[in-house]
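Close look at the chain arrangement
Okay, here's what each chain looks like letter by letter:
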Amino acid sequence: MKQRGVLTSSFLFLLCSLASVVSFAETPVADDDATAEITEEANTPATPPPPRTEPTPFTSLQADLERQLADPLSEVIVIEQNDERFPAFYRDRETTEAKGALLIMADDTQHQRWPLVAEALRSQLPAYGWATLALPLPRPIEPAIPERTLPVLKLIKRKPADAPSEEAEATDEPTPSTDEAPSAPNAATTSEPNESEEKPPQTSDRAEKILALTNSALDELFKREAQRVVIVGIGSGATWAAGIAEAIQGEKNIRLMLINPMASADISAPNLQAVIPKLKLTTIELYSATPPSNRLAPNTFDAKQRLIAAKRNELNNYHQIRLPIVTTTSQGEAWLVRYTRGVLEKHIVAAERDKKKVTRKADPAPTTELRPGSAAPPTKDDAI
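Residues numbered from 1 in each chain as written. Predicted model: local features only at pLDDT ≥ 70, side-chain atom pairs only at ≥ 80, totals over all residues. Heavy atoms only, no water.

1. What about the overall build of the protein?
To keep things clear, this is the line we draw: We count a stretch as a helix when DSSP gives it H or I for four or more residues in a row; a strand needs E for two or more, and each element gets its number in order from the N terminus. Throughout, a residue-residue contact means that at least one pair of heavy atoms, one from each residue, lies within 4.5 Å.
What the protein contains, in helices and strands, is 12 helices and eight strands. In the protein, 79% of the contacts between residues at least 6 apart in sequence involve partners at least 24 apart.

If you want it as structure tokens, here you go:
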């Protein structure tokens, strides 16, 4: 019985195998027309990919600021220059008395509404009578990274495996020649640079762009009847603010405020240390003495050098004030706004008000000689 069951199961397995072979043989074969269509599709040239579009992070950032971060109390003033759009955020004063306007220029690594310092001054000083305009700066053009070059390798001959020892080389006997060719040096490393192919010097027109943007922003503020304009530079923006103020200080009614000034990485940026002695307008510098590891907070040495340059050139309108370290953080935002308001009120508003006070002129000395004890000559008040 067991043998009969084994035979039955083997017979069923063979039937199933034959059935699968027959079904595979009866599968319909594709006709010639379908094969031709497939061949034509394979031979059809593929559509070329669209051209690559280079990303523009600066333009995208300005568009996002203009679209998403516009608050109801701010007005977006678009300054167009050479097919570029620079949205500046204007906020009018919130008090009856108008103190003036602040033109805020942020650091190169920040935008015009950076949360620290720039946005705090822009959004909170209007409550104290100051209109604010946050101006964007073009992208900085930093020095190009130099090309990597390797030292020129000399041609070194390899010694064959059966080369004689050093003692044999010391003798006068000639060494047997071998058929092995010397190793060829790498052409990339042995080729000397071609001095005739000099690259053009790197240039930057950022200084001209910032000057044009600043003039357009100042014209807009003066059109809105700003009594006085203070250019406020933050970080490396202070270097640009100082350079622009030095260039137009005799043309427009402006003042200058520098907050944690530092050098700019742009190749066309002015030298702040060289600009300070040329400033003849009222200048206020606020700096925080922190370790030099913090990029936006220069150390005390740089501030001391600027103060010495101002004193050496008798700049009586240059006021330098040290700030606590907390002012560069979000915890010191309210303190910085109040202190900045007080500095502006003291060194700009009150100082200019005192200069405008006209003192009463003294009566001229009498022209007639009087003897001791004689009556004084009549004055204009007595005649009236």
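2. Considering the nonpolar core
In plain terms, the rule: Remark: nonpolar core denotes a set of buried residues (Ala, Val, Leu, Ile, Met, Phe, Trp, Tyr, Cys) joined through side-chain atoms within 4.5 Å. The cut-offs for exposure are 20% and 50% of the maximum accessible area for each residue type, with area from a 1.4 Å probe on protein chains only; residues under the lower value are buried, those over the upper are exposed, and the others partly exposed.
Counting residues in hydrophobic clusters, the biggest one holds 39 residues, and the most contacted among them are Leu103, Leu133, Leu256 and Ile276. Ranked by residues supplied to this core, first place goes to helix H8 (residues 236–248) with seven residues. Non-local contacts of Leu133, meaning those with residues more than four positions away in its chain, are made with Ile77, Ala88, Phe89, Tyr90, Leu102, Leu103, Ile104, Ala217 and Leu221. Within the second largest apolar cluster, 24 residues are counted, among which are Ala106, Leu121, Ile321 and Leu336.

3. Some details on the sheet that holds strand E2 (residues 84–91)
Put simply, the test is: Strands are labelled as partners when DSSP assigns at least two bridges between them. Angular values range over 0 to 180 degrees, each being the angle between N-to-C directions of two axes fitted as lines to C-alpha atoms, with helices fitted over their stretch in contact.
Judged by pairing direction, the sheet is mixed, and its eight strands sit side by side in the order E1-E2-E4-E3-E5-E6-E7-E8 without closing on themselves. Two strands bound the open sheet, and with one partner strand each, they are strand E1 (75–81) and strand E8 (318–323). Ignoring which end each strand starts from, the neighbouring axes of this sheet average 20° apart. Strand contacts of helix H11 (residues 333–356): strand E3 (100–105), strand E4 (130–135), strand E5 (229–234), strand E6 (254–259), strand E7 (283–288) and E8, with the helix running at about 165° to E8, the strand carrying the most contacts.

4. Describing the pairing of E1
Relative to E2, E1 is paired through seven bridges, and the arrangement is antiparallel. When the bridges of E2 are listed, Glu80 appears paired with Arg85. Between E1 and E2, which pair antiparallel one after the other, the connecting turn spans two residues, and Asn82 there sits at a positive phi close to 50°.

5. Here's the deal with the side chain of Arg91
Rules: Here a polar contact is taken to be a pair of N or O atoms separated by no more than 3.5 Å, where protein atoms must pair a possible hydrogen donor with a possible acceptor and residues adjacent in sequence count only if both atoms sit in side chains.
Its place among the elements puts Arg91 in strand E2. At 3.5 Å, the side chain of Arg91 and the side chain of Glu94 are in polar contact. Contact partners of Arg91, with chain neighbours within four places excluded, come to Asp71, Leu73, Ser74, Arg122, Ser123, Pro126, Ala131 and Thr132.

6. Some details on the environment of Lys311
Tracing the sequence through the fold places Lys311 in helix H10 (residues 300–312). Accessibility expressed as a relative area gives 60% for Lys311, which makes it exposed. Along the chain, Lys311 and Pro277 lie 34 residues apart, while their C-alpha atoms are 8.8 Å from each other.

7. Digging into the environment of Leu221
In this structure, Leu221 sits in helix H7 (residues 206–223). Measuring from C-alpha to C-alpha, the distance between Leu221 and Leu133 comes to 8.2 Å, with 88 residues separating the pair along the chain. Sequence-distant contacts of Leu221, defined by excluding residues within four places in its chain, comprise Tyr90, Ala101, Leu103, Leu133, Ala226 and Val229.

8. Points about the packing of aromatic side chains
Going by this rule: Here a pair means two rings of Phe, Tyr or Trp (six-membered ring of Trp) with centres within 6.5 Å. Their orientation is stacked below 30 degrees between planes, edge-to-face above 60, and tilted elsewhere. For a lysine, the NZ atom is tested; for an arginine, the CZ atom; a charge sits over a ring if that atom is within 6 Å of the ring centre and within 35 degrees of the ring normal.
Applying the stated criterion across every chain, the model contains one aromatic pair. Ring centres 4.8 Å apart and planes at 10° place the aromatic pair Trp335 and Tyr339 in the stacked group. With Trp335 and Tyr339 both in helix H11, this residue pair falls four residues apart, about one helical turn. By relative accessible area, which is 31% here, Trp335 ends up partly exposed. You can call Tyr339 partly exposed: its relative accessible area is 28%. Over the aromatic face of Phe89 sits the side chain of Arg113, whose NZ or CZ is 5.1 Å from the ring centroid.

9. Details of H11
For the record, the criterion: One less than the number of residues in a helix, times 1.5 Å, gives the span that helix is expected to have. A residue's bend is given by the angle between axes fitted to the 7 residues ending at it and the 7 residues starting at it.
Taking 1.5 Å per residue, 24 residues should reach 34 Å; H11 reaches 34 Å between its end C-alpha atoms and fits that length. Along H11, the sharpest change in direction is near 35° and occurs at Glu345. Listed as buried for H11 are Leu336, Val337, Thr340, Val343, Leu344, His347, Ile348, Val349 and Glu352.

10. Some remarks on H8
The end-to-end C-alpha distance of H8, which contains 13 residues, comes to 19 Å, matching closely the 18 Å that a straight helix rising 1.5 Å per residue would cover. In terms of burial, H8 is a largely internal element, 11 of the 13 residues being buried. Within H8, burial applies to Ser236, Gly237, Ala238, Thr239, Trp240, Ala241, Ala242, Gly243, Ile244, Ala245 and Ile248. Where the residues of H8 are buried, they touch E3, H7, E5, E6 and helix H9 (272–275).

11. Focus: the packing of H7 against H8
Stated precisely, the cut-off is as follows: In what follows, roughly perpendicular refers to angles from 65 to 115 degrees, roughly parallel to angles under 35, roughly antiparallel to angles over 145, and oblique to any angle outside these ranges. Handedness of a helix crossing follows the sense of rotation of the near helix relative to the far helix, less than a right angle counterclockwise being left-handed and clockwise being right-handed. Charged residues are taken to be Asp, Glu, Lys and Arg, nonpolar residues to be Ala, Val, Leu, Ile, Met, Phe, Trp, Tyr, Cys and Pro, and polar residues to be all remaining types, Gly included.
Contact geometry of H7 with H8 gives a least axis separation of 11 Å together with a crossing angle of 70°. If you check the angle between H7 and H8, you find them roughly perpendicular. Both H7 and H8 take part in a crossing whose hand is right-handed. The residues of H8 that touch H7, namely those facing Arg206, Ala207, Ile210, Leu211, Thr214, Asn215 and Leu218, are Trp240, Ile244 and Ile248. Of the residues contributing to the contact of H7 with H8, the split by class is seven nonpolar, two polar and one charged.

12. Quick look at the pairing of E5
Of all the six residues making up E5, six are buried; the element is thus mostly covered by neighbouring parts of the structure. Taking every second residue as pointing to the same face, both faces of E5 are buried, with Val229, Ile231 and Gly233 on one and Val230, Val232 and Ile234 on the other. As paired elements, E5 and E6 share six bridges and run parallel to each other. In the sheet register, Ile231 faces E6, and the bridge partner there is Leu256.

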